[in-house]
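Below are the chains, spelled out letter by letter.
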Amino acid sequence: MELKGPLCYVLDFDDIYNYAYQTAIKVKRSEWRPDAIVGIARGGWVHARIQCDLLGVKDLFSVKIDHWGVTATKDGKAKLTCPLTGDVVGKRVLVIDDITDTGESLTMAVDHVKSCGPADVKSAALMHIAGSKFTPDYYGVEVAWAWEIWPWNFYEDLTSLITKIFQGEKVKEMSTMELKKHLREYNNIVLSDDQLSKIKAHMGFLGTIEYPLDKAWRLKE
Ligand code: ADP
């Protein structure tokens, strides 16, 4: 069945730890040891913190990269919006993200860190999309393109996917049953009633749908 929207996979923290372990094993086998880790905000932060633990690294720094475009989506050009937050002079540095898709964020972050005087820079991601312009030195798994819904981005992604379903269906209200059916048709996503009620409360909190909540999902005027 052809989907009406992008194919999505919902990942949980067991998936994340599995890919993080796969990545860490590759670092260990390579016998290259980082002195410092740089997490790319926002997507790379959780992975970066986990690698500090798995690889025994105490220095954790950040850079922030945003994608600026007409619609403020990731179609836009990557831009470094917060430079490196720590001293990497003379250190072996591992730059970490969640996924390499276009590869722009990691390319830009690695170039920036290289300009800050380190001894050596390598890169790592949990997932690598086959065909990406940038291949990290270490990654947990290679996959075909899909939109990966990270546990740290669950409510943000579901809010935007559900908003797109409302737009696609050109309706202002739907039942939970209808929404479940559309999430399958649009994105191949299957969620539990508990997950849906938490998303509904979140969208009410954001003011995207009406709050206080009743049975229907009703877009706020
Ligand atoms: P990178 O330069 O690290 O390869 P991109 O520039 O392609 O990454 O994308 C920037 C950020 O957008 C990623 O770090 C990730 O948080 C998010 N992202 C991009 N593609 C995907 C995807 N297929 N699934 C989930 N998140 C994605």
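Rules of the game
- Residues numbered from 1 in each chain as written.
- Predicted model: local features only at pLDDT ≥ 70, side-chain atom pairs only at ≥ 80, totals over all residues.
- Heavy atoms only, no water.
- Helix = DSSP H or I, 4+ residues; strand = E, 2+ residues; numbered from the N terminus.
- Expected span 1.5 Å × (residues − 1).
- Buried < 20%, exposed > 50% of the residue type's maximum accessible area, 1.4 Å probe, protein only.
- Contact = heavy atoms within 4.5 Å.
- Near = heavy atom within 4 Å.
- Polar contact = N/O pair within 3.5 Å; in protein donor to acceptor, adjacent residues only side chain to side chain.
- Areas by Shrake-Rupley, 256 points an atom, 1.4 Å probe, with all protein chains shown as cover.
- Nonpolar A, V, L, I, M, F, W, Y, C, P; charged D, E, K, R; others polar.
- Salt bridge = Lys/Arg side-chain N within 4 Å of Asp/Glu carboxyl O.
- Phe/Tyr/Trp six-rings, centres within 6.5 Å; stacked < 30°, edge-to-face > 60°.

**Structural notes on helix H5 (residues 176-187)**
Then comes step 1: When the terminal C-alpha atoms of H5 are compared, their 16 Å separation across 12 residues agrees well with the 16 Å that a helix rising 1.5 Å per residue should span.
Then comes step 2: Every buried residue of H5 is accounted for by Leu179, His182, Leu183, Glu185, Tyr186 and Asn187.
Then comes step 3: Looking at the packing, one finds that the buried side of H5 touches strand E1 (8-10), helix H4 (154-169), strand E9 (173-174), helix H6 (193-206) and strand E10 (217-218).
Then comes step 4: Asparagine 188 sits one or two residues past H5 and shows a positive phi near 60 degrees.

**Details of the site of the ligand**
Then comes step 1: Contacts to the ligand come from 19 residues, most closely from Asp97, Asp98, Asp101, Thr102 and Ser105.
Then comes step 2: Within the side chain of tryptophan 150, one N or O atom sits 3.3 Å away from a nitrogen atom of the ligand.
Then comes step 3: Summarising the interface, the protein chains cover 92% of the accessible area of the ligand, which totals 530 Å² for the free molecule.
Then comes step 4: In terms of residues, the shell around the ligand owes the most to one element, strand E5 (residues 92-100), which gives 4 residues.
Then comes step 5: Tallied by class, residues from the shell around the ligand come to 7 nonpolar, 6 polar and 6 charged.

**Overview of the pattern of salt bridges**
Close approach of charged atoms lets side chains of opposite charge pair.
Then comes step 1: What the rule picks out here adds up to 11 salt bridges.
Then comes step 2: Note that glutamate 169 is salt-bridged to lysine 4, the shortest N-O span being 3.7 Å. Placement of the pair is glutamate 169 in helix H4 and lysine 4 in the segment before E1, with a sequence separation of 165 residues.
Then comes step 3: What makes glutamate 169 partly exposed here is its relative accessible area of 25%.
Then comes step 4: With a closest N to O distance of 3.1 Å, lysine 198 and aspartate 194 form a salt bridge. Of this pair, lysine 198 and aspartate 194 both sit in helix H6, separated by 4 residues, roughly a single helical turn.
Then comes step 5: You can call lysine 198 partly exposed: its relative accessible area is 42%.
Then comes step 6: Within the structure, one salt-bridge network assembled from shared partners comprises Lys4, Glu169, Lys181 and Glu185.

**Topic: the side chain of histidine 112**
Then comes step 1: Inspection of the secondary structure assignment puts histidine 112 in helix H3 (residues 104-114).
Then comes step 2: Given the relative accessible area of 17%, histidine 112 is considered buried.
Then comes step 3: In this view, histidine 112 contacts Val63, Leu80, Pro83 and Leu84; residues no more than four positions away in its chain are not counted.

**A look at the packing of aromatic side chains**
Then comes step 1: The full count for this structure, using the stated rule, is 5 aromatic pairs.
Then comes step 2: On the basis of an interplanar angle of 50 degrees and a centroid distance of 6.3 Å, the ring pair of phenylalanine 13 and tryptophan 152 is categorised as tilted. Here tryptophan 152 lies in the loop between strand E8 (147-149) and H4 and phenylalanine 13 lies in helix H1 (residues 13-30), a separation of 139 residues in the sequence.
Then comes step 3: Residue class for phenylalanine 13 comes out partly exposed when judged on its relative accessible area of 40%.

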